[in-house]
Amino acid sequence: MKVLVINCGSSSLKFQLIDSESEQCLAKGLCERIGIEGSMITYTPDGGEKEKTVTPMPDHTEAIRLVLEALTNPKTGVVRSLDEIGAVGHRVVHGGEKFAQSVIIDEEVMAAVEECNDLAPLHNPANLIGINACRKLMPSTPMAGVFDTAFHQTMPEEAYMYGLPYAYYQKYKIRRYGFHGTSHSYVSRRAAEVLGKPYEDLKIIVCHLGNGASVSAVKNGKCVDTSMGLTPLEGLIMGTRSGDIDPAIIEFLAHKEGKSIDEIMTVLNKKSGVLGLSDNLSSDFRDLEDGYHRGDENAVRTMKTFSYHVAKYIGAYTAAMNGVDVICFTAGVGENAPLVRNFVCEYLGYLGVELDQEANRKRGEDIVITVPGCRTTVMVIPTNEELAIARETVRLVG
Ligand code: AMP
């Protein structure tokens with residue numbers, strides 16, 4: 001079956017068409033600046049040229065219409081007609097406590113996702129708009145919703161509760177949900193597969209280090225803790241998000257800088273993280289690595305602080321699981337920044353970790369980067385959220 005995977009943001013839309021039998025990506029692309037002047041679609045068929053077209057996209061329906069047009073284009077398309085697309089899998093950011101699994105989308109599901117909008121005001125409404133646009137253009141194609149939060153729903157109460165008045169949990173469902181669940185699930189399973197060990201027997205820590213970053217603890221095939229919280233702002237230092245801070249800093253800064261809560265939240269989400277910590281050098285680890293090698297003090301401080309925080313979470317999750325067998329690095333930074341992996345692993349001597357430096361320099365493959373015989377195995381596993389969404393969709397649609 002050919003599955004269209006859609007990841008819809010407020011002004012962007014990423015897509016991939018995946019053949020579920022061969023698990024090959026047939027075409028992929030991105031719509032940017034939806035609803036904003038200068039919108040464009042980028043489309044790349046497998047083995048073909050990337051094409052970029054600037055064209056008006058007043059809304060998501062038009063964006064999806066253009067995606068479907070590109071996929072069926074007689075010259076560069078990869079399907080003859082839309083009938084060849086057997087199902088659509090949608091990434092949905094927040095499923096609250098309602099969705100511990102992926103689901104087939106129907107009216108009831110749409111209403112339940114809408115109820116989670118408060119928990120993810122930037123993401124869920126955009127996801128819903130994308131689903132609605134798809135349903136309008138492909139009314140008889142089955143659609144699945146795959147939630148970023150679902151994999152983490154197995155966390156025990158002691159991991160997901162905050163030390164806040166319990167009434168806030170009862171009234172507003174304030175608790176840890178966690179995100180990047182599709183990636184944490186895919187990578188932890190894949191690690192077990194590559195090692196040839198039963199997933200259900202392993203204690204795995206996944207470090208998803210991308211522009212957004214999170215760590216999870218997966219014990220016997222179930223997530224038992226993760227670093228992102230009610231929102232994706234908690235946990236590790238990220239590209240532009242602060243991660244964990246003393247909550248009192250918010251009031252302190254608001255007074256000192258004369259800013260509103262909304263303005264401070266913008267600072268924490270958009271101007272902090274490695275971008276802020278490096279005094280605006282960059283949010284991109286390629287620049288930070290270059291800076292580190294030049295001896296730039298902003299880059300050195302940032303690389304070291306970022307890595308230290310990852311190592312602290314690994315320590316915490318080793319404690320949460322009473323041990324760890326496998327540590328996985330994934331996502332843009334985790335897969336491509338050997339220096340970060342080195343810095344993090346320097347803290348892991350107590351787990352018997354010793355890196356194989358040659359393996360650590362490799363890219364783009366599932367690989368063990370510790371020397372043979374280490375008590376704890378460290379791996380790089382490239383994530384593939386689109387493939388995981390396609391697999392879930394096929395499992396549901398049958
Ligand atoms: P993601 O959110 O998983 O797409 O990750 C994006 C981030 O990965 C970028 O902002 C960079 O910081 C980082 N990244 C991507 N490629 C490289 C690379 N070759 N070396 C170091 N960092 C990289």
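Residues numbered from 1 in each chain as written. Predicted model: local features only at pLDDT ≥ 70, side-chain atom pairs only at ≥ 80, totals over all residues. Heavy atoms only, no water.

Let us now look at the UniProt feature "binding site: Mg(2+)" (unreviewed entry) in the protein. The residues that UniProt annotates with the feature "binding site: Mg(2+)" (unreviewed entry) are Asn7 and Glu385. A stretch of 379 residues holds the annotated residues, and the largest C-alpha distance among them is 10.0 Å, short enough that they meet in one place. Looking at where asparagine 7 falls in the secondary structure, it is placed in strand E1 (residues 2-8). For asparagine 7, the contacting residues outside a window of four places in its chain are Ser12, Leu13, Lys14 and Arg91. Ignoring anything within four residues of it in the chain, the contact list for glutamate 385 reads Thr182, Ser183 and His208. (UniProt positions renumbered as here; feature names shortened; annotations may be inferred. Helix = DSSP H or I, 4+ residues; strand = E, 2+ residues; numbered from the N terminus. Contact = heavy atoms within 4.5 Å.)

Enumeration according to the criterion identifies 18 salt bridges in this entry. Between arginine 65 and glutamate 62 there is a salt bridge, with the nearest N and O atoms lying 2.9 Å from each other. Taken together, the residues span about one helical turn, with arginine 65 and glutamate 62 both in helix H1 (residues 60-72) at a distance of 3 residues. We classify arginine 65 as partly exposed; its relative accessible area is 34%. (Salt bridge = Lys/Arg side-chain N within 4 Å of Asp/Glu carboxyl O. Buried < 20%, exposed > 50% of the residue type's maximum accessible area, 1.4 Å probe, protein only.)

Turning our attention to the pairing of strand E3 (residues 24-32). In the sheet, strand E2 (residues 13-19) pairs with E3 via 7 bridges, with the strands oriented antiparallel. Across the sheet, the residue bridging to lysine 14 is leucine 30, located in E3. Between E2 and E3, which pair antiparallel and follow one another directly, the connecting turn spans 4 residues, one of which, glutamate 23, has a positive phi of 60°. Taken together, the 6 bridges between E3 and strand E4 (residues 40-45) define a ladder with antiparallel strand orientation. Along E4, the bridge assignment pairs cysteine 31 with isoleucine 41. (Pairing = 2+ DSSP bridges.)

What follows covers the pairing of strand E10 (residues 213-219). The element E10 is largely enclosed, with a buried count of 6 among its 7 residues. Pairing geometry for strand E9 (residues 203-209) and E10, over 7 bridges, is antiparallel. By the bridge assignment for E10, valine 206 is matched with serine 216. Relative to strand E11 (residues 222-226), E10 runs antiparallel, the two sharing 4 bridges. Opposite lysine 219, over in E11, you have lysine 222 as the bridge partner. The hairpin turn running from E10 into E11, its antiparallel successor, is 2 residues long, and asparagine 220 in that turn takes a positive phi close to 50°.

The immediate surroundings of the ligand are formed by Gly210, Asn211, Ser283, Asp284, Phe285, Arg286, Ala331, Gly332, Val333, Asn336 and Arg363. In this structure, an oxygen atom belonging to the ligand sits 2.9 Å away from a main-chain N or O atom of glycine 332. Within the contact set of the ligand, a nitrogen atom lies 3.4 Å away from a backbone nitrogen or oxygen of asparagine 336. Residue assignment for the shell around the ligand shows that the elements contributing at least two residues are helix H10 (285-294) and helix H12 (331-336). Counting residues per element, the shell around the ligand draws most heavily on H12, which supplies 4 residues. The class makeup of the residues in the shell around the ligand is 3 nonpolar, 5 polar and 3 charged. (Near = heavy atom within 4 Å. Polar contact = N/O pair within 3.5 Å; in protein donor to acceptor, adjacent residues only side chain to side chain. Nonpolar A, V, L, I, M, F, W, Y, C, P; charged D, E, K, R; others polar.)

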